[in-house]
Amino acid sequence: MSTIALEHAEVRAAGERLVSDELILFPVRHHSPACAFHVARVIETARPSVVLIEGPRSFSSLISLLAQPETQAPVAIYTYAALRKDGDAGDRRSAYYPFCDYSPEFVAVREAARLGIPTRFIDLDFSEQILCDATGEDEEQASLLDERHYRRSRYLQALAEQQGCRDHEDLWEHLFELGAESMPSKEFVMQVAAYCLLSRKDATRNELEADGTLQREAEMAHHIGAALQARPRDAGPVLVVLGGYHAVVMRELVQQRPSRPSLSKSAITDEAAALIRYSFDRLDRLNGYSAGMTAPAWHQALWQRLQRTAGATGPTQVGSRLRKDAVLEMLFAVASELRDKHKLQLPVPALTAGYEAALRLAAQRGRAAPLSTDQLGAVTSWLIKGDTGGEGRQ
């Protein structure tokens, strides 16, 4: 019992350290509507003096484009770096930093621009991250929002099993996305901090150094410290929007003032970045995107409904009702696709059964409304015959 109490106190303290009068370290999951909702709320209420965002420093030059109303998500910043390797200059690496309407980083950029708050990115540039990464993972087109640590965490997997969830993705949506708008932002931050602290528990220092995590965190700590020193006494706090995995250790790093990484870029022969169009299918981790939440179009529908309805009724009713409505909308979209593209008619009783199945699945799993896995289970159970992996058909 004493061990459990000590761990609870440690988690609570880690969350409380993230929010102070001069510094708010906001931990996020990439492409999380719940995180985006609370980031917008914090910017509106706290009126920070500056907003700092996890992302390559050179991306700061593209913030004005991201903030333009004409820039419609999903979009991404594409970046590349060419390295000289063993006398050969042909080793070229590229990566993407995607944004959708509910990406916390994108919301932070736009809300800060609306209020005239200076904003900048504070992470190592992509070329520098390549130089720091000694893991041997050599993806030609990588993601700059990689969340490999969440996928690998034994603690999160154990918690998912305890909560009756399939994996850490299902666990996150179960714990944070449903009803997030009814929770005070400080409490939300503390709960996300607990989740991220668990994810970091089984990572060794050697692993974090090998993949460049420690070097990146030292770089971000340097910029946060500089922003705190430049902050006028009567100004709002420094707000930092960064992955929760980094946020839970950042307060201590800023206080310790670690040495900023000294990286020679002599091996880099060329590098650049540009804002490009993107798509929901590329955002989906199941289609090759390795970071951020799955089912991006589903969360886009929820985000749009939340923007239209939040404040119209009580917060709890909003969270539950909009998800139920989104499931119904999704089923009608499936029916329309089958009718128009595949010339298959989906009878109303099948739609009704699918909707009721999603609600029952959610109820059996102790949820007030369906999550993405509940609506997917309803579709595959009621609308597909045979094996979904190969022979499945309506």
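Above: the structure in question.
Being a predicted model, the structure only gives us computed values, none of them experimental.

Caption draft 1: The environment of Leu-208, seen in detail. Mapped onto the fold, Leu-208 is located in helix α10 (residues 205-210). The sequence separation of Leu-208 and Asp-133 amounts to 75 residues, and the corresponding C-alpha distance is 9.6 Å.

Caption draft 2: Just the packing of aromatic side chains, in detail. Taken as a whole and judged by the stated rule, the model has 12 aromatic pairs. For the pair Tyr-96 and Tyr-278, a centre-to-centre distance of 5.6 Å together with 45° between the ring planes defines the contact as tilted. With Tyr-96 in strand β4 (residues 88-99) and Tyr-278 in the loop between β8 (268-277) and α13 (280-283), this residue pair connects regions lying 182 residues apart in the sequence. Centre to centre, the rings of Trp-172 and Phe-176 are 4.3 Å apart; their planes meet at 35°, and the pair counts as tilted. Remark: Phe-176 and Trp-172 occur in helix α8 (residues 168-177); sequence separation between them is four residues, near one turn of the helix. Three or more aromatic residues joined by ring pairs form one cluster here, namely Phe-59, Tyr-97, Phe-99, Phe-106 and Phe-121. Taking the ring centre of Trp-172 as reference, the NZ or CZ of Arg-29 above it sits at 5.3 Å. Over the aromatic face of Tyr-80 sits the side chain of Arg-92, whose NZ or CZ is 3.8 Å from the ring centroid.

Caption draft 3: Spatial organisation of the pairing of strand β3 (residues 75-85). Of all the 11 residues making up β3, eight are buried; the element is thus mostly covered by neighbouring parts of the structure. As paired strands, β3 and β8 are joined by nine bridges and run antiparallel to one another. The residue bridging Val-75 from the neighbouring strand is Arg-277, located in β8.

Thresholds, definitions, all that
Residues numbered from 1 in each chain as written. Predicted model: local features only at pLDDT ≥ 70, side-chain atom pairs only at ≥ 80, totals over all residues. Heavy atoms only, no water. Helix = DSSP H or I, 4+ residues; strand = E, 2+ residues; numbered from the N terminus. Phe/Tyr/Trp six-rings, centres within 6.5 Å; stacked < 30°, edge-to-face > 60°. Lys NZ or Arg CZ within 6 Å of the ring centre and 35° of its normal. Buried < 20%, exposed > 50% of the residue type's maximum accessible area, 1.4 Å probe, protein only. Pairing = 2+ DSSP bridges.

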